[in-house]
Amino acid sequence: MPTKTLRIPTTDGPADAFAAFPDDGKRHPGVLMYSDAFGRRPVLERMATELAGHGYYVLLPNLYHRHGPAPVTELPEYIGEEVRPAVLARLMPVLEAHTADRVLSDADAYLGFLTAQPEVCAGPVAVTGYCIGTLYALNTAAARPDAVAAVAGFHPGFVVTDAPDSPHRLIPGLAAEVHLGIAEGDMTPEIIGELTRALDAVGLGHTCEVYPGTVHGFTMADTDAFSAAGLKIHWDRLLSLLDRALARD
């Protein structure tokens, strides 16, 4: 499976990124993948490569490129509970600096780059995110309904808040089918109900599903939260969504 390390022009300088795609000389649908709060790292590059093996061009950018190439802070090979608080403390200023305006500015750059690649077929793409990457995926899909036909988020957080720019308030701007794979304890039934009602009102296909026996971060094999069963459900739901929503040449 071919992979590349790339530099994508943005309004704030080049963003380093990882891409994986099939080596068959054909064009394939594009997928923009947003990482969790820990950022681009080997576990996500392996996931991007696995997804590419199913017939997609997958672009995984460094969310924090304004602060340097990934990783922007030292990350242990395994982010166990004993080191997690210290790693998050180092990342918090970087994460807080990644404002909604920056997310959308970068999204335009990433989508423009992705759809221009010769290995990517014409038509809309999908956006998928993990943890806080779900927020970025929803922001991207709402800002670019012309370009995004599917959006998926796994173990999301802060999707429904009291803030004026809460991601759930962006749902009326979507033109994409949505799947949210939720860990037990990620959201209350009331919040899931509010999300479902907002998606119902738009009239698009959607699922908000609690994956049984999972905790926040269940897709990430380099953390204590990892669940092999949860990751398998994630692949089943994600691949089904992409197959329905994205056209192939």
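Use the structure listed above.
A quick note: this is a predicted structure, and the numbers were derived from the prediction, not measured.

Description of the pairing of strand E8 (residues 206-211)
At step 1: Here six bridges tie strand E7 (residues 177-183) to E8, and the two strands are oriented parallel to one another. Across the sheet, Gly181 pairs through a bridge with Glu209, a residue of E8.
At step 2: Regarding topology, helix H5 (residues 189-202) serves as the crossover connection from E7 to the parallel E8, and that connection is right-handed.

What about the pairing of strand E2 (residues 15-20)?
At step 1: Among the six residues that make up E2, six are buried, leaving the element largely enclosed by the rest of the structure.
At step 2: Burial of E2 is two-sided: the residues Ala15, Ala17 and Ala19 facing one way and the residues Asp16, Phe18 and Ala20 facing the other way are all buried.
At step 3: Taking the residues that link successive antiparallel strands as the turn, the strand E1 (residues 3-8)-E2 hairpin has six residues, and the phi of Gly13 there is positive, at about 100°.
At step 4: As defined by bridge partners, E2 adjoins strand E4 (residues 57-61) across four bridges and the pair is classed as antiparallel. By the bridge assignment, Ala20 is partnered in E4 with Val58.

A closer look at the sheet that holds strand E3 (residues 30-34)
At step 1: Strand order in the open sheet formed by eight strands is E1-E2-E4-E3-E5-E6-E7-E8, and the pairing between neighbours is mixed. Across the chains shown, the open sheet's two edge strands, defined by having one partner strand only, are E1 and E8. Each neighbouring strand pair of the sheet contributes to a mean axis angle of 20°, computed without reference to strand direction.
At step 2: Bridge analysis of E3 against E4 gives three bridges, and the strand direction is parallel. Note on E4: the bridge partner recorded for Val31 is Val58.
At step 3: Against the sheet, helix H6 (residues 228-245) touches E3, strand E5 (125-130), strand E6 (148-154), E7 and E8, its axis set at about 170° to E6.

About the cut-offs
- Residues numbered from 1 in each chain as written.
- Predicted model: local features only at pLDDT ≥ 70, side-chain atom pairs only at ≥ 80, totals over all residues.
- Heavy atoms only, no water.
- Pairing = 2+ DSSP bridges.
- Helix = DSSP H or I, 4+ residues; strand = E, 2+ residues; numbered from the N terminus.
- Right-handed = clockwise from strand over helix to strand, strands pointing away.
- Buried < 20%, exposed > 50% of the residue type's maximum accessible area, 1.4 Å probe, protein only.
- Axes fitted to C-alpha atoms, helices over the stretch in contact; angles between N-to-C directions.
- Contact = heavy atoms within 4.5 Å.

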